[in-house]
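Residue-level structure breakdown
What follows is each chain in one-letter form.
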Amino acid sequence: MAPQDIPVERTFSHEDYSGRFKMNDIGLIRLARRAALNDNVLPICLPVSPALRTKQTIFFVVGWGQTQSALFSNKLQYTKLNLVQNDECQKQLRQKDKFVRIFDTQLCAIGADLSDNCSGDSGGPLKSISIQHSRYVQYGVVSFGLRTCGKQSAPGVYTKVESYIDWILSRMEE
């Protein structure tokens, strides 16, 4: 499928973003025109209602980032992940980086067989299918990991979308 080159009308970065602590790692891009829907471009729901905020058990991360054989993929990649409780996530990540801190506005997830998000996947979705609504819902945004993808098993960290619903909705109206 041919790429769609769409100009950016406006960007929104979270005003309280901290690169040092990787907090409030979320932003929005308003396109100058609508994207054409196809196999790689589809709408996704946000967890705006309590019914959509129900935690699923199986998640998928999707991205064009690094693979075992290349810095970027020319094919959209995905892998299945399971949530890891934040305290357990912090414990696992601190074995490699003693300064990591996981906040309530973040989610952690890990895959089997060394599958994970990788460099180049940042900003991509952590999604699941809402059982009640039979639609994909975006629960997280790829934030960071230990750069061990494909080499060691470690949880990836995602910005928790439901913590930012009011922020997102207020920027959509500007």
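Residues numbered from 1 in each chain as written. Predicted model: local features only at pLDDT ≥ 70, side-chain atom pairs only at ≥ 80, totals over all residues. Heavy atoms only, no water.

The name that an unreviewed UniProt entry assigns to the protein chain is Peptidase S1 domain-containing protein, with the source organism given as Anopheles maculatus. Heading Subcellular location (unreviewed entry) of the UniProt record for the protein chain holds this comment: "Secreted". Per UniProt, the protein chain has the following entry under Sequence similarities (unreviewed entry): "Belongs to the peptidase S1 family. CLIP subfamily." (UniProt positions renumbered as here; feature names shortened; annotations may be inferred.)

Taking strand neighbours around the barrel as the criterion, the 6 strands line up as β3-β4-β5-β8-β7-β6 in a closed arrangement whose pairing is antiparallel. Strand-to-strand twist across the sheet, computed as the mean angle between neighbouring axes with direction ignored, equals 45 degrees. Of the pairings in the sheet, the one linking strand β5 (residues 106–111) to strand β8 (residues 156–160) comprises 4 bridges and is antiparallel in character. Opposite Leu107, over in β8, you have Tyr158 as the bridge partner. The strands touched by helix α1 (residues 86–94) within the sheet are β4 (77–84), β5 and β8, with β5 carrying the most contacts at an inclination of about 65 degrees. (Pairing = 2+ DSSP bridges. Helix = DSSP H or I, 4+ residues; strand = E, 2+ residues; numbered from the N terminus. Axes fitted to C-alpha atoms, helices over the stretch in contact; angles between N-to-C directions. Contact = heavy atoms within 4.5 Å.)

So, about unusual backbone geometry. Despite not being glycine, Lys22 has its phi angle at roughly 55 degrees, a positive value. If you trace the backbone, Lys22 turns up in the loop between β1 (8–13) and β2 (27–31). You can call Lys22 partly exposed: its relative accessible area is 32%. Positive phi outside glycine occurs at Asn24, with the angle close to 55 degrees. Residue placement: Asn24 occurs in the loop between β1 and β2. For Asn24, a relative accessible area of 14% puts it in the buried group. (Buried < 20%, exposed > 50% of the residue type's maximum accessible area, 1.4 Å probe, protein only.)

Leu52, Phe59, Val61, Leu81, Leu107, Ala109, Leu126, Val137, Tyr139, Val142 and Tyr158 form the largest nonpolar core, which has 11 residues in total. Secondary-structure elements contributing two or more residues to this core are β3 (59–63), β5 and β7 (135–144). The biggest single contributor to this core is β7, with 3 residues. Leaving out residues up to four positions away in the same chain, Leu126 has contacts with Phe59, Phe60, Leu81, Leu107, Ala109, Val137, Gln138, Tyr139, Gly140 and Tyr158. The next biggest cluster of nonpolar side chains, apart from the first, holds 10 residues, and it includes Val84, Cys89, Val100 and Cys108. (Core = buried A, V, L, I, M, F, W, Y, C linked by side-chain atoms within 4.5 Å.)

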